[in-house]
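# Residue-level structural notes
Chain residues, written in single-letter form:
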Amino acid sequence: MNPRHYRDMIIRAVGEPDGQTLDLIVSHVIDAERAKQILRANGYGMTGLSASATAALVPTISTRTRTVIQHVGCSADAAGMPQVSAPDGAFVQAVREWDALCAAHAVPLSLLQNP
């Protein structure tokens, strides 16, 4: 959306008596700033870089790697274990290497997905 739309939305939100829309906008801004902090803590971006530019620095991962990481995350949730969150953590790097090996040997993605 263009900046004019957001400007109009903020003006309407400030004029609302209940403040619900303004609260949603504020929570969205807080969440975006927190996302930038997390990305910077993991080595992406620098001060002054926008949230979208910082996010664009994160390398993409293949569907196969994402499936494995999500499967492990779901299993960790079910077991009450902490999840892997660092994009450059040892586990994620190992999954990426395993993914490249599987891709070279043409292991079908369907074998990795939950039944």
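Here the structure is a predicted model, which means the values were calculated and not measured.

Three or four residues apart is the spacing at which side chains of an α-helix point the same way, because the helix has 3.6 residues per turn. The end-to-end C-alpha distance of helix α2 (residues 20-41) is 31 Å, a good match for the 32 Å that 22 residues give at a rise of 1.5 Å each. Ile25, Lys36 and Leu39 are the residues of α2 that are buried. Mapping the buried residues of α2 onto a view down its axis gives an arc of 70 degrees, with all of them on the same face. For α2, the exposed residues lying more than 90 degrees away from the buried face are Gln20, Asp23, Ile30, Asp31 and Ala41. On its buried face, α2 sits against α1 (3-15) and α3 (51-56). Taken from the residues just after α2, Gly43 is the one with a positive phi, measuring 95 degrees.

According to the stated counting rule, one finds two salt bridges in the structure shown. Of the charged contacts in the structure, one is a salt bridge between Arg4 and Asp8, with a shortest N-O distance of 3.7 Å. Taken as a pair, Arg4 and Asp8 lie in helix α1 at a separation of four residues, close to a single helical turn.

The next subject is the side chain of Lys36. Here Lys36 is to be found in helix α2. On the basis of relative accessible area, Lys36 is assigned to the buried category, the value being 13%.

The next subject is α1. End to end, α1 covers 19 Å across 13 residues, agreeing with the expected 18 Å (1.5 Å per residue, within 8%). For α1, the N-terminal capping position is held by Asn2, with its side-chain oxygen 3.0 Å away from the main-chain nitrogen of Arg4.

Calculation criteria
Residues numbered from 1 in each chain as written. Predicted model: local features only at pLDDT ≥ 70, side-chain atom pairs only at ≥ 80, totals over all residues. Heavy atoms only, no water. Helix = DSSP H or I, 4+ residues; strand = E, 2+ residues; numbered from the N terminus. Expected span 1.5 Å × (residues − 1). Buried < 20%, exposed > 50% of the residue type's maximum accessible area, 1.4 Å probe, protein only. Arc of directions from axis to C-beta. Contact = heavy atoms within 4.5 Å. Salt bridge = Lys/Arg side-chain N within 4 Å of Asp/Glu carboxyl O. Polar contact = N/O pair within 3.5 Å; in protein donor to acceptor, adjacent residues only side chain to side chain.

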